[in-house]
Amino acid sequence: MAERSYSKDQEIIVERILKHRNHDYYKILDVHKEATDVEIKKSYRKISLKVHPDKNSHPKAADCFKLVNKAFEVLGDSQKRSIYDQTGSDPDQRGGGMGGASPFGGASPFGGPFGGQQFQFDNDLFDILFGNAHGTTFTFGGAGGGPQTYTFTSGGGPSPFGFGGIPRQRQQRTRTRQQQQQQQQQQQQPEDIFNTLKQLLPLFAVLIIPIISNIFADSSSNVDFQLQKNSQFNHERISSRFHIPYYIPSKQVDLLNEKNSKKLDKEAEQYYVGVLKNQCNREQNFKDEQINDAFGWFFHDQDKLDKANALRLPSCEKLANLGLL
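Because the structure is a prediction, the values reported are computed rather than measured. (Residues numbered from 1 in each chain as written. Predicted model: local features only at pLDDT ≥ 70, side-chain atom pairs only at ≥ 80, totals over all residues. Heavy atoms only, no water.)

## With respect to the packing of helix H8 (residues 258-293) against helix H9 (residues 302-310)
Next up, step 1: Between H8 and H9, the shortest axis-to-axis distance is 8 Å and the interhelical angle comes to 165°. Here H8 is positioned roughly antiparallel relative to H9, judged by the angle of their axes. With respect to the hand of their crossing, H8 and H9 are arranged in left-handed fashion. Judged by residue contacts, Lys287, Gln290, Ile291 and Asp293 of H8 engage Lys304, Leu305, Ala308 and Asn309 from H9.
Next up, step 2: Here the contact of H8 with H9 is built from residues that sort into 3 nonpolar, 2 polar and 3 charged. (Axes fitted to C-alpha atoms, helices over the stretch in contact; angles between N-to-C directions. Helix = DSSP H or I, 4+ residues; strand = E, 2+ residues; numbered from the N terminus. Parallel < 35°, antiparallel > 145°, perpendicular 65-115°, else oblique. Left-handed = near helix turned anticlockwise from the far one by under 90°. Contact = heavy atoms within 4.5 Å. Nonpolar A, V, L, I, M, F, W, Y, C, P; charged D, E, K, R; others polar.)

## Regarding helix H10 (residues 314-321)
Next up, step 1: Of all the positions in H10, only Ser315, Cys316 and Leu319 are classed as buried. Here the buried residues of H10 occupy an arc of 100° about the axis, which is enough to place them on one side.
Next up, step 2: Residues of H10 that are buried sit in contact with H8.
Next up, step 3: Among the residues trailing H10, Gly323 stands out with phi positive, at a value near 75°. (Buried < 20%, exposed > 50% of the residue type's maximum accessible area, 1.4 Å probe, protein only. Arc of directions from axis to C-beta.)

## Examining the packing of helix H1 (residues 8-18) against helix H4 (residues 61-75)
Next up, step 1: For the pair H1 and H4, interaxial distance at closest approach is 10 Å and the crossing angle is 55°. With respect to H4, the element H1 is oriented oblique. Crossing of H1 over H4 shows left-handed handedness. For the pair H1 and H4, contact is made by Val14, Ile17 and Leu18 and by Ala61, Asp63, Cys64, Leu67 and Val68, respectively.

Limitation: the analysis is restricted to geometry and does not speak to function.
Rendered as structure tokens:
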């Protein structure tokens, strides 16, 4: 048996994608239905690199690559994604027309074979065809028997087709349905507001917590600090937990005591970690962009890819050394 040229991980991702052939685009891209455009694009880049035929030698990698591209073509387009979310099918392959069938769900009622059986019109179609007319009777023939008569009654005005109108019960159902929709919209508004506030909560925490802390802090603990030394901030301190060096003005050293020294250490460490996380995100995004640029649709630049993979992430490495990544 010849030794296969692809890894177990490559086989696993190919089998996972092929399992979702039936237009399950969210699962193909491994994202949830509430994913943002940025999350979808990021996941697409990551998966497309793993199943690209130039990178993955599995015999079905090309099929996976096509599925991944098709999924991104739909989910990456806001209009197509909206149609897909509503229908669950590929927007580019939606069939139109009725294929010659009668709009009443069977053969045409005008001269078609009904026999002696009764039938019922679709309510919405009935609204379109017969308008709001008073009670009117019309007939059409049935197969093998005499003419059958159907009567439709409503309190509305005349129909341009000359037939009967909507029954009063239908009008009542329409009003009830509209009222239910209005109630659902009113119920949805508080949920939307809550979700928005939930998303903004981390931002509020970053902005408000320091303000509240300063309000309730003792005046004696109001000591400035920064991470770089200069002529003003020239007194070095080392934080107690992560041993981070930072600097305060010499004239404020006398304001420190055991309690507010620990608090100052904590504030300095939080600021330092926040700076590292921001830099780490930018480093990772830059590396991902360089890797993505190294790939084309049909070939890739191996030298450029090697350089991109070799890029270090110094801020991320510092976070990892602190046990925060």
